[in-house]
Each structure stands twice: as C-alpha cells, then as structure tokens.
Amino acid sequence: MNQIENVSRRRFLKGVFGTGALILSVRYIPPLWAQSQSTDGQTEADRATLHPNVFVGIQQDGTIYIVAHRSEMGTVIRTSLPLVVADELDADWKRVKIDQAIGDKRYGDQNTDGSQSVRRFYNTMRECGAAARWMLIQAAAQQWNVPASDCSTELHAVVHKATGKRAGYGELAPEAARLTVPQKEQLQLKQPSEWRYIGKGMTSVDLEQLCTGKAMYGMDAHMDGMVYASIEHPPVYGGKIKSLDDQEALKVAGVHQTISIDPFKPPAAFQPLGGVAVIADNTWAAFQGRKKLKIAWDNGPNESYDSVEYKKELQDTAHKPGRLIRSVGDAEKAFPTANVVEADYYVPLLSHVPMEPMVALAEFKDGKVTAWAPTQNPQAVQAIVSSELGIAKEDVICHVTLLGGGFGRKSKPDYVAEAAVLSKKLGRPVKVVWTREDDVKFDYYNAVAAMYMKAAVDAKGKPTAWLQRSVFPPITSIFDVNAVYGDPPHLAQGWTDLPYDLPSIRIENGPAPAHVRIGWLRSVANIYHAFAVQCFTDELAHRANRDPVEYLLDLIGPPRTLDFANVNYPNYGADYKTYPWETGRLRSVIQMVADKSGWAKKKTGKGHGFGFAAHRSFLTYVATVVEVEVTDDGEITIPRVDTALDAGVVVNPEAVRAQFEGAVVFGTSVVRTGEITAKNGVIQQSNFNDYPVARINEVPAQTNVYITESSAPPAGVGEPGVPPFVAAFCNAIFAATGKRVRDLPLSSNSLFA
Amino acid sequence: MINLKVNGIDRSFSGDPDMPLLWYVRDILRLTGTKFGCGMALCGACTVHKNGDAIRSCVTPMSAVANSEIRTIEDLGANGLHPLQEAWMQINVPQCGYCQSGQIMQAVSLLKTTPHPTDQQIDDAMAGNICRCGTYQRIRHAIKMAGEKTV
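Remember, it's a predicted structure, so these values are computed and weren't measured experimentally.

Undergrad: I'd like a rundown of the overall build of chain A, residues and numbers included.
TA: Within chain A, the regular secondary structure consists of 17 helices and 27 strands. Its C-alpha atoms give chain A a radius of gyration of 27 Å, within 12% of the compact-globule value 27 Å for 753 residues. Counting all 753 residues of chain A, 58% fall into the buried class. Of the contacts formed within chain A by residues at least 6 apart in sequence, a portion of 79% connects residues at least 24 apart.

Undergrad: If you had to explain the overall build of chain B to someone new, which residues and values would you point to?
TA: Helix and strand counts for chain B stand at six helices and five strands. Relative to the globule expectation of 15 Å for 151 residues, the C-alpha radius of gyration of chain B, 15 Å, shows essentially globular dimensions. With respect to the three principal axes, the spread of C-alpha positions in chain B is 45 × 30 × 25 Å. Considering chain B as a whole, with its 151 residues, one finds that 56% of them fall into the buried category. In chain B, the share of contacts with a sequence separation of at least 24, taken over all contacts with a separation of at least 6, comes to 62%.

Undergrad: I'd like to hear about the sheet that holds strand S22 (residues 608-617) of chain A, residue by residue, with values.
TA: Residues and elements named next belong to chain A. One open sheet holds the four strands; their spatial order is S22-S23-S24-S27, and the pairing between them is mixed. Both outer strands of the open sheet, S22 and strand S27 (703-707), are each paired with one neighbouring strand and no more. In this sheet, neighbouring strand axes are inclined to one another by 15° on average, regardless of whether the strands run parallel or antiparallel. Relative to S27, strand S24 (residues 636-646) runs parallel, the two sharing five bridges.

Undergrad: Which residues make up the sheet that holds strand S6 (residues 157-160) of chain A, and what values go with them?
TA: Residue and element names in this part refer to chain A. Strand order in the open sheet made by the three strands is S5-S6-S7, with antiparallel pairing throughout. Edge positions in the sheet fall to strand S5 (151-154) and strand S7 (165-168), since each of these pairs with one other strand and no more. Across this sheet, the average inter-strand angle for adjacent strands is 25°, counted without regard to direction. Relative to S6, S5 is paired through four bridges, and the arrangement is antiparallel. In the sheet register, Ser152 faces S6, and the bridge partner there is Val159. Contacts from helix H3 (residues 117-144) reach S5, S6 and S7 within the one sheet, and its direction differs from that of S5 by about 125°. Against the sheet, helix H4 (residues 169-176) contacts S6 and S7, and its axis sits at roughly 80° relative to S7.

Undergrad: Tell me about the environment of B:Asp27, residues and numbers included.
TA: In this structure, B:Asp27 sits in helix H1 (residues 21-28). By C-beta crowding, B:Asp27 is classed as buried, having 23 other C-beta atoms within 10 Å. Ignoring sequence-local partners within four residues, the contact set of B:Asp27 consists of A:Asn282 and A:Thr283.

Undergrad: Requested: an account of the interface of chain B and chain A, with residues and values cited.
TA: Residue-level contacts link 45 residues of chain B with 45 residues of chain A. At the level of secondary structure, the elements contributing two or more residues to the side of chain B that touches chain A comprise H1, helix H2 (73-76), helix H3 (83-90), helix H4 (100-113), helix H5 (119-126) and helix H6 (136-149) of chain B. A per-class count over the side of chain B that touches chain A returns 24 nonpolar, 14 polar and seven charged.

Undergrad: Please give an account of the domain arrangement of chain B that cites residues and values.
TA: All names here are of chain B. Its domain assignment divides chain B into domain 1 (2-74) and domain 2 (83-149). Computed over C-alpha atoms only, the centres of domain 1 and domain 2 are separated by 21 Å. Tallying the contact residues gives 14 residues for domain 1 and eleven residues for domain 2. The set of elements that each furnish at least two residues to the side of domain 1 that touches domain 2 consists of strand S3 (47-50) and strand S4 (53-56).

Undergrad: Give a detailed account of the domain arrangement of chain A, specifying residues and quantitative values.
TA: All names here are of chain A. As assigned here, chain A comprises domain 1 (44-209), domain 2 (218-299 + 358-433) and domain 3 (307-350 + 444-748). A straight line from the C-alpha centre of domain 2 to that of domain 3 covers 37 Å. Taken together, the residues of the side of domain 2 that touches domain 3 break down into eight nonpolar, three polar and two charged.

Undergrad: Explain the packing of helix H16 (residues 653-672) of chain A against helix H17 (residues 722-737) of chain A to me, and be specific about the residues and the numbers.
TA: Residue and element names in this part refer to chain A. Running from amino to carboxyl end, H16 crosses H17 at an angle of 50°, the nearest separation of the two axes being 8 Å. By the criterion of interaxial angle, the relationship of H16 to H17 is oblique. The two elements H16 and H17 meet at a crossing, and its hand is right-handed. Contacts between H16 and H17 involve Ala663, Val664, Phe666, Gly667, Val670 and Val671 from the first element and Val722, Phe725, Val726, Phe729 and Cys730 from the second. Its residues placed into classes, the contact of H16 with H17 shows ten nonpolar, one polar and no charged.

Undergrad: I'd love a proper account of unusual backbone geometry, names of residues and values included.
TA: Residues and elements named next belong to chain A. Cis geometry is adopted by the peptide bond preceding Pro267, which originates at Pro266 and carries an omega value of -5°. Along the polypeptide, Pro267 turns up in the loop between strand S10 (255-261) and strand S11 (275-280). Cis rather than trans, the peptide bond between Leu744 and Pro745 has omega equal to -5°. Mapped onto the elements, Pro745 comes out in the segment after H17. A positive phi angle is found at His156, which is not glycine, with a value near 65°.

Undergrad: I'd like to hear about the pairing of S11(A), residue by residue, with values.
TA: Residues and elements named next belong to chain A. The buried fraction of S11 amounts to six of the six residues, a majority that puts the element mostly inside the structure. Pairing of S10 with S11, which is carried by six bridges, proceeds in the antiparallel orientation. Pairing of Ile259 across the sheet is with Ala277, part of S11.

Undergrad: Talk me through the packing of helix H14 (residues 548-556) of chain A against helix H15 (residues 583-597) of chain A; I want residue IDs and the actual numbers.
TA: Residues and elements named next belong to chain A. Closest axis-to-axis distance for the H14/H15 pair is 11 Å, and the angle between their directions is 170°. It follows from the interaxial angle that H14 and H15 lie roughly antiparallel. Two secondary-structure elements touch here, H14 through Val549, Leu552, Leu553 and Ile556 and H15 through Thr583, Leu586, Arg587, Ile590 and Ala594. Counted by class, the contact of H14 with H15 contains seven nonpolar, one polar and one charged residues.

Undergrad: Hey, could you go over the confidence of the model for chain B for me, with residue numbers and the actual values?
TA: Taken residue by residue, chain B gives an average pLDDT of 97. The fraction at 70 or more is 99%. Across the assembled chains, the prediction reports ipTM 0.98 with pTM 0.95.

Undergrad: So, the environment of B:Ser12: which residues are in play, and what are the values?
TA: Mapping B:Ser12 onto the fold places it in strand S2 (residues 9-13). Among the residues examined, B:Ser12 registers 9 C-beta atoms within 10 Å and is labelled exposed.

Undergrad: Outline the environment of A:Ala371, supporting the account with residue identities and numerical values.
TA: Residues and elements named next belong to chain A. Counting through the fold element by element, Ala371 comes out in strand S16 (residues 368-373). Ala371 gets classed as buried once you count the C-beta atoms within 10 Å, which come to 31. Taking the C-alpha atoms as reference points, Ala371 and Val651, 280 residues apart in sequence, are found 32 Å from one another.

Undergrad: Just give me the short version of H4(A), but keep the residues and values in it.
TA: Because each turn of an α-helix spans 3.6 residues, side chains separated by three or four positions end up pointing in the same direction. All names here are of chain A. Restricting attention to buried positions, one finds in H4 the residues Tyr169, Gly170, Leu172, Ala173 and Ala176. Buried residues along H4 cover an arc of 155° about the axis, so they all sit on one side. As for H4, its buried residues are in contact with strand S1 (50-53), strand S2 (56-58), H3, S6 and S7.

Undergrad: Any details on the confidence of the model for chain A? Residues and values, ideally.
TA: Per-residue pLDDT for chain A has a mean of 94; in total, 95% of the residues score no lower than 70. Ignoring residues within four places in sequence, the model shows residues 1-38 of chain A, a span with pLDDT below 50, making 65 contacts including any to other chains.

Undergrad: Any chance you could break down the pairing of S6(A) for me, citing the residues and the numbers?
TA: Residues and elements named next belong to chain A. By the alternation rule, side chains of S6 split into Val158 and His160, which are all buried, and Ala157 and Val159, of which none is buried. Where S5 folds back onto S6 in an antiparallel hairpin, the turn is made up of two residues, including His156, whose phi is positive at roughly 65°. As paired elements, S6 and S7 share four bridges and run antiparallel to each other. Residue Val158 lies in a different strand from S7, and its bridge partner there is Ala167. The turn joining S6 and S7, which pair antiparallel and follow one another in sequence, is formed by four residues; a positive phi near 75° is taken by Gly164.

Undergrad: Quick rundown of helix H13 (residues 525-543) of chain A? Include the residues and the values.
TA: Residue and element names in this part refer to chain A. Here H13 spans 27 Å end to end across 19 residues, near enough to the 27 Å set by a 1.5 Å rise per residue. Among the 19 residues that make up H13, 16 are buried, leaving the element largely enclosed by the rest of the structure. Just downstream of H13 lies Asn545, where phi reads positive at about 55°.

About the criteria used
Residues numbered from 1 in each chain as written. Chains lettered and ligands numbered in written order. Predicted model: local features only at pLDDT ≥ 70, side-chain atom pairs only at ≥ 80, totals over all residues. Helix = DSSP H or I, 4+ residues; strand = E, 2+ residues; numbered from the N terminus. Rg over C-alpha atoms; globule rule 2.2 N^0.38 Å. Buried ≥ 20, exposed ≤ 12 C-beta atoms within 10 Å, placed from the backbone. Contact = placed C-beta atoms within 7 Å. Pairing = 2+ DSSP bridges. Axes fitted to C-alpha atoms, helices over the stretch in contact; angles between N-to-C directions. Nonpolar A, V, L, I, M, F, W, Y, C, P; charged D, E, K, R; others polar. Domains from an automatic or database assignment. Parallel < 35°, antiparallel > 145°, perpendicular 65-115°, else oblique. Left-handed = near helix turned anticlockwise from the far one by under 90°. pLDDT = per-residue confidence, 0-100. Arc of directions from axis to C-beta. Expected span 1.5 Å × (residues − 1).

This is the structure:
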C-alpha cells in the first residue's frame, strides 16, 4: 500500500492545523510504543491516507492515528485530548492509535504546564475530529449520490439511513482525502447529549505498560553507542570552576574522560548550569567517577545567601509599604487603628522531586540533534539546544518519552541542553543522568514567600479594611537578572484576585532578589497566596466566634463577576469573557463540599478538628474540608478529606478525581516537611532523607472528590487541588490544637517540631 | 565472577562487585522496568525480589547477590498478569507510573506473607515506597482487592 497523497495543499486553521510538509507515501514503521516517528519528524498521522490536519490520520484499514502533542506525566492527557478528537469523529476508541508528537511548532503550544492542556486545545481537538468526520460524510454522500445532509455517522462508519447504506471510515478514507479540508465555519460540532467519550472518559492508553514495567521514560531511553554522563554542578548558583583535578576520577573502571561545561551567561533561563561531566560506560561508573573529582569553585556573589537571614529580610520587606497591585473602595485612606488583626505567613522554597530525576539522551550528528527526553516542553528543548549549539531549531528533533513526574520541573530543559552540549563535544550519543542529590540541589524552586496580612474588624468581627502584602523572588528572575517584583501572572495566582466583598481592600507586593533559580511548581504562587488568605480568614472567623464556612461566604459576598477593569489581571492567559471570575461558582463548591462532608454536624474536640478553605486557581473553583487527629505527643493524622470542584466541562472524570487525590498528597508534603534551605549559598537538602515527601502512612486515609456537573468551558485540573488543601489542613490543625500554623512546614515550626 | 539468575535466566557478571544490582539490571541487562529514584533505599522505586523477598536494588551490591535468584517487574507478568497488576489496572492506580514497578514488587512480597492485610499492615509494608503523584489511596485499595482475589 503506497498511496501517494499530497496533503500540503490543504489549509485549515492556519498555524495549528497547517501541515506544511508534502506527504508522499505511506510507510510501515513498527509500533514501538508511540514513539514511532522517524528522524524526519513525521508521525503516523502524517503518513496516513486521510490527513485533514496535523492531529489526525485515517488509514484504509480503518486505523485512526491521533497525535498527542502534550506530555504525559500522569494526568492521562495523552488519552484525554485524543479522546476529544475521537468523540467528534465518532471513532471507535479501540481502533485509535496514539502518536506522541515530537517538539514542533506546527502543533501550537506544547508546554504541558499551567493546567491548560484541555482548556487550550479542547475546541481545537473537537474541530479536528469534526473536520475529519465532515470529509468522510462528504465522501460517502458523493459515492452514494445522496445529499451529505442525509448522511450521518455511527461508530467508525458513515450511514445513509433512508437506504441503509453504510461505509466504514477506512474504505472512505481515499475518497475523502481528495476533498478540500472544510473551513471551521462549515463544521457542526456534536451536542453534549451526543457525546460518546467526553464526560465519561477512558483509562490511560498506557495503563498496562505502566503496570508491567514496559512503559518508556526518559530514564529508559537508549541509543546504540551511547555513553553515560554524570555532572558535578557548581554548588552555588552562578559559580564557576577555578581548578579541576580529574586524575583519580579517570582511574575509576568504566570512566572514559571528563568534560567541562561552560557556566551559563546570565540570565540563566534554561541554560546548563555548567560544571564537570564524567563520561562513562554506565551510570554507576559515571557516579563513582564524579565522587573522585577534585574541583575548586569560584562561588560568586550568591555565596552570601543564607535562608534564615533571607526569611527575615522578606518579612521586613513585607512590613513596609510595597507596590500597589489592586485597591478596592477607600483603600487610599489611612488604615483604621482600632480592632486591627495582623499576621505574618511564610512558605519556604519548595522542590519538585519528581520520582524520575532529570535525565536526557541526545545525539549530535551531521549538524542535527536528536534528543529523547522526559520534557514538559519539547519546543523549549528545541530553543535551548538550538541556541547552545548554534543550530536551527528545526534541526533539533525532540522525542517526548513518558515523564516520571514533572510538576513543572520538566518544563525547564537545562538537562536536555547538557546532553546535547556533551554529545557535540564527544561526537556520540550521551545520556545525562542526574542523581536525586542533583535534583534537590539544582532545582528551579518554588519561590520562598512572606505574606503580611492585616484587617480592621467591626463589632461583629467582619473586616472593614483589608491589607495584604506578599514578597517573593519572582520566576521572572531567571529571565531578567534585575527582576525583584512579582510579575502580574503570578500575582494573579490567588493574590490580585482576592474575591472578598469588603469596603476597603489594598493588595501590595514587595521586592525580593533571587539567589537560586526560581521556577513553576505545581500550583506555583497559589500555594503561598491561598495559604495566607485562607488561613488568615479562618483566624478572623475564630476571632469573631463564627463558623468558618459561613464567615467565608460572608466575606465572598453575593454571586457576581469580579471586575478587574484597571487591574492587571492576566487570568491564567485565558480570555476573561470566556473565563470570568464568578464568586457564585466558588460559593457553589463551598456549599457542595460543606453538604457532602457533613460540615454542619462536625464537632471539633480536643485533638480532633476540621478545617476549611476555598480557592480558585487555573480557572477552576475548589473547596476542601480536612479532618485531622492530633495525639498528645503531637502526631498528626488525616482521617478524611473532602474536596469539591467546578472545572467546567470535564472530559475524563476518573483522571480528574485522581489529580485531586494526588493534589492532597502533594499538599501534605508541603505542609508537613517541604522546605529547602541554604547556607553560604549551598542548598542544604539532598535526598528524601532530608527533603522528605509524604509516604502512605502520612497522607489522608480517605479523599473524596466531588465534581460539579457544568457546561462552562473546561478549566484546569492538575494544580487547583493543592492550594485549598494546604490552607484547610492548617485550619484543621488549629481547630484540633488551638495552634495557628503561620510558618510552613510543620517540621521546622517551633509550635510543632 | 558473580553468578546469579535474573528472571529465571543464568547470568554472570565480572565487573565491579560494588556496582548496585539496579545498574546491572538497567544498564547492562537493559531491564528498565526497575527504576532509579534515590540511590539510597529511601524511595523504593528500585524494588526487586531476591530469592522471593523485596529488596532495594539501588543499595544492593552485585557481591551480595551471588548465587541468588533475582526477579524484576518484567518477569512478574510474563505469563499472564499477576493479580496485583490486574488490581492495579482495575483501580487505575498509576499516574506517572514511574514508582509503580517498585510499588507492585513490594506489594507482591507483602501479600505473600500477609494475603489479607489490614490498612495498618499495608502502611507498614508500603511506607518505604514513595509515590510523588500521590496514588497511595488507590494502592491501598488495589492491594486489598488483590488480596481478596487470592482467597
């Protein structure tokens, strides 16, 4: 079967849909996992008989290829987005094969970050499926000489009900391929009542492989002739090698040589940190060789960084007037002096520690790089490898493996750049393997943050004036060495958008210089912002002797759309008309979880308490109830968590439940033990012994997730579960113990340690 | 020369006897289902069986597995899925999946000695295996389900 098929003439939604390439033949490629792409970057979908857009290909045997262009790190996105295509196409899921895309701008954005894969591509995927379906219907109608409007589709086939004619998608594909791809306006999308898969979901296409050890992660990538590299990075951010003695390292069996990697030129962005790579026959030999390196470092100015001092500086700054971010009402007037409540909240640097440490395999050959990487952003791999090696982005082929966790760390491809740089120097494929210690010490940490909260309350304990000021080193500091103020997108994460209906609100931000790389981590700034706002609100509720849920609803006020006219509110990059901030939806999830958890009947006693918090992030509304038990010697357990969410249309409910179950575990780590510290510029943690994350015996025994039935546009689900859980957990600890958690984590809080 | 059996196949190893079993299995035998997570027996991603018992291959030197029988995740389902793997699929346990080989191998050894574990017994046996995605609730559920199947 060598069908010659020219699809390059087709135009459909320029950009995302444009194929660009002339596809000339169908070739057989063995179905090696989904990474079946050859080095020319073509997918099976590209080679298929009918190929209406870059995401879909239909073969004459009826096989449908759907391209997954986002990275799979456990959210089941590799299944859920193709499922949307399959639904509009009326495809039989059993006959769908998933093609994992390489990094390529023809797919549009591929940065699997910010809980945005479904919401950004939901409409696109529907249109891609509908376009293919439209062409198949047209082809059948022409063949049967009947009006297309009389034809419809059933599972994987076009039917003409009046005559009982029926043709499978495969047999229609060649004819359909001769048609012009329809314009977006010609498409008719299904009604929700007609959905086959959306809202019902499907298990991961990788499920069996994940349970049998066959799934392929970056750690498992292999090329013939490859060598292994382990890199000693400068211990202090921005440090350089003063001198190197590698004689002992070279004596280790299996070690070939060492290679120095240049330090980055500020700003760091995604450049390699620099250091010394030990090249060896296997991972172990590379690790052993590294231990024998003798390196003197020039640590540079960040050598003075001390996280204890830094905390004091942040809190001092938080007590001084800052940059105004948003004000409501008469916030310009002097703050009242009577009945004032103040509190300082603090969250330290946090590390991602995905189970798979950073790892990448790259080969530089004939002026081009082929990389296999567990990356959240293969186009960022193309960009950094291109600039590091001085080659065109198009000459960087980045295959995306499965990711052994990402949480935002794997959006920053410094480790892939390292592999490419080394391969160019060595002239053979190089696999760079980070140790866990490398991962903990050289992360792009979630920002350390100090929040100063202040309210003046009336006789009933309700605020008449509210001031909140946050101070944290911004993520923008990795792109701009002078950046010290919070940038609008991250201030918008639960800070700018305080949803309270109060007569006077003042929201500020103060400056903080970065001394380590700061980066996105699951939920990002929402973690510390929601912690401060939702715990301070709980403080005020208790002070007023009011039920925390009623009090919170009182502060949120009536259902309305928040008005951000004259406020810099990026709204997670989403159009505000499509995704307005609706307090009614937050109220609904609050009421939903209060009902489901039996909040009204919950009795707090000694050593037993319930905490509550609600928060909108990544366009999703979430409310969470946490139950804790605290023994006399201070041991805290979490018998139960209830969390309710409104994420608009949910494509894959089971996957969404799993994300929210996982979010409370992630949040448990934040509250209990999450803390990165530095002394003399050196990160003091190294592995799971001194940077512990939650284990099975430390997490909630039971997490119940309630999903709101909604027809609103789909919103994020990977991250929004974390922030309200963190606050609700701390509020529950207060309910059980009377101790207010204002400094995280518990493990270094003097009230609990 | 170190002789051992891996997944029923006789093997011999003449390299550095201090090399952890993990890297022998992964880099030399190319059995990559067993994962590297910490290198210090802190996370359990590298769990395999030595003579039927769960061990952390990342801290087990080759010298310690001479004349042993090693079993990895690849062999567990080689002749049809193990009841734990079936339960794992039914409960949809994995998210990223990276830790799951180790979780399953650990759970296999738990069920061998304790076919119907309580929550406490599950916590005790599984506390050495970290899942950063947070699939613990489902792990517990799947272990119980598999335990019931093996009545």
